[in-house]
Amino acid sequence: MDSWGRRCRPSPRLTMLIIYQWLGICMGVHHVSWQSTASGLEDEYIHAAALSWLVGDEDAVEIERMNSFHGSAIHIVSAKLKRRGQATKSLTRLGLNVLQQLKLELSSRMDDENVIHIRLDLLELIAGRVVLASPGERRTIKGRAKLEVYPGQDPFTLGNETLDVAINGVLN
C-alpha cells in the first residue's frame, strides 16, 4: 500500500462510528457515575452496598474518607462505570417506571455537556426500591450518565434511544 492509502485510512474509532450509524445502532452511554455522601456517624458500607447493587459491580465502588470544612468526618461513596456496554446495561437497574419518567423529563435533566442528571432517593435505594428524587427533598444519590454524542447527532434523540434500549433491557 502506498503512503497515500495509509494517510487516508480512517481511524478504527471513526470506522466503528460509520458502521454503527449505517446499521442504526445506538451508541448509548459513554460512562455512568454515582455519588453519595455519608456523615461520620453513618455506616458508609450501607451506601456502598446500595451503589454496588445499582451499578452491578462491587469493584466499581470506592469510599473516600475525609473531614468536612468544620472538621467532622464524612465519607464520599462513589461508583463509576467507564465501559460503554456496562454503563448502558447498568441503566436497566433503574427499572421501568424510573426509566420512563427519565424519558419524559429528558429535556430538563440533560445539560449542554450531554450528561443526564439523575437523583435517587437514598433511603428508598437502601430499602431496595429505586425512586427518583428532587433536590432538597431528602437525602439523595446523585447520578450522571454521559452520552456518547458525535457531530451531526441530536443529543435528545440519542438520549431517547438510549433510554429505549434500557427499557427494552428491563422488559426482556
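Residues numbered from 1 in each chain as written. Predicted model: local features only at pLDDT ≥ 70, side-chain atom pairs only at ≥ 80, totals over all residues. Heavy atoms only, no water.

Attention shifts here to the overall build of the chain. Along its length, the chain carries eight helices and five strands. Its helices and strands taken in sequence order, the chain reads α-α-β-α-β-β-α-α-α-β-α-β-α from the N to the C terminus. Taken across its 172 residues, the chain has 37% of its residues classed as buried. Considering only intrachain contacts with a sequence separation of at least 6, the fraction spanning at least 24 residues in the chain is 64%. (Helix = DSSP H or I, 4+ residues; strand = E, 2+ residues; numbered from the N terminus. Buried < 20%, exposed > 50% of the residue type's maximum accessible area, 1.4 Å probe, protein only. Contact = heavy atoms within 4.5 Å.)

Next up on the list: a nonpolar patch on the surface. Residues Ile46, Leu123 and Ile126 make up a contiguous nonpolar surface patch of roughly 240 Å² in combined accessible area. Tracing the chain through its elements places Ile46 in helix α3 (residues 44-55). For Ile46, a relative accessible area of 40% translates into the label partly exposed. (Patch = residues over 30% accessible without salt bridge, like charges linked within 9 Å, V, L, I, M, F, W, Y side chains within 5 Å. Areas by Shrake-Rupley, 256 points an atom, 1.4 Å probe, with all protein chains shown as cover. Salt bridge = Lys/Arg side-chain N within 4 Å of Asp/Glu carboxyl O.)

Before going further, it helps to examine the sheet that holds strand β1 (residues 29-39). One key point about sheets: their strands pair by backbone hydrogen bonds, in either a parallel or an antiparallel sense. Read across the sheet, five strands follow the order β2-β3-β1-β5-β4 without closing on themselves; strand pairing throughout is antiparallel. Edge strands, defined here as strands with exactly one partner in the open sheet, are β2 (61-67) and β4 (115-121). Going from strand to strand, the sheet's axes swing by 20 degrees on average, the running direction of each strand aside. Examined bridge by bridge, β1 and strand β3 (residues 73-81) share eight bridges and lie antiparallel to one another. Bridging from a neighbouring strand, Ser33 pairs with Lys80 of β3. Across the sheet, α3 lies against β1, β2, β3, β4 and β5 (140-147), angled at about 10 degrees from β3, the strand it touches most. (Pairing = 2+ DSSP bridges. Axes fitted to C-alpha atoms, helices over the stretch in contact; angles between N-to-C directions.)

Core analysis: the biggest nonpolar cluster contains 35 residues, and Trp34, Leu51, Leu94, Leu102, Ile118 and Leu120 have the highest contact counts within it. Going through the elements one at a time, β1, α3, β3, α5 (96-104), β4, α7 (122-126), β5 and α8 (155-171) are the ones with two or more residues in this core. Sort the elements by how many residues they give to this core and α3 lands first, with five residues. Dropping the residues within four chain positions of it, Leu51 is found in contact with Trp34, Val61, Val77, Ser78, Ala79 and Ile141. (Core = buried A, V, L, I, M, F, W, Y, C linked by side-chain atoms within 4.5 Å.)

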